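The primary structure of each chain is shown beneath.
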Amino acid sequence: MTEPPTPTWWVLNRHKVFGIGGLLIGYLAGTHLHDAPQQPDQPQPGHTTPAPATPGEHPTPTAHGLAA
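About the criteria used
Residues numbered from 1 in each chain as written. Predicted model: local features only at pLDDT ≥ 70, side-chain atom pairs only at ≥ 80, totals over all residues. Heavy atoms only, no water. Helix = DSSP H or I, 4+ residues; strand = E, 2+ residues; numbered from the N terminus. Buried < 20%, exposed > 50% of the residue type's maximum accessible area, 1.4 Å probe, protein only. Areas by Shrake-Rupley, 256 points an atom, 1.4 Å probe, with all protein chains shown as cover. Phe/Tyr/Trp six-rings, centres within 6.5 Å; stacked < 30°, edge-to-face > 60°. Patch = residues over 30% accessible without salt bridge, like charges linked within 9 Å, V, L, I, M, F, W, Y side chains within 5 Å. Salt bridge = Lys/Arg side-chain N within 4 Å of Asp/Glu carboxyl O. Expected span 1.5 Å × (residues − 1). Bend = angle between axes of the 7 residues up to and from the residue.

The next subject is the overall build of the protein chain. Tallying secondary structure elements over the protein chain gives one helix and zero strands in all. Among the 68 residues that make up the protein chain, the fraction classed as buried is 1%. For the protein chain, the accessible surface area stands at approximately 6900 Å², while carbon and sulfur atoms represent 66% of it.

Considering all chains together, one arrives at one aromatic pair under this definition. With 5.7 Å between their ring centres and 75° between their planes, W10 and F18 make a pair best called edge-to-face.

Here the focus is a nonpolar patch on the surface. A surface patch of nonpolar side chains, about 540 Å² in accessible area, is lined by W9, W10, V11, V17 and F18. Position of W9 among the secondary structure elements: in helix α1 (residues 9–32). Overall, W9 belongs to the exposed group, its relative accessible area being 58%.

Turning our attention to α1. For α1, built from 24 residues, the straight-helix expectation of 34 Å at 1.5 Å per residue is met to within 8% by its first-to-last C-alpha distance of 33 Å. By the largest-angle criterion, H15 marks the main kink of α1, which is about 35°.

On their own, these measurements won't tell you what the molecule is for.
Structural data, given as structure tokens:
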């Protein structure tokens, strides 16, 4: 029986190379993208439909029996 050949340096260390490469790319992207132009903050409406003035008031005149 013969022993298998010893693994090469690349087989033993490729996970380290890819890990360090990924960290380096992430660091460079993070330090160079922080100056990217931001969207200006636009005020947003609180809601789109107005609330009735009094709790019993309805927005349509037919709700009070005032049909035309």
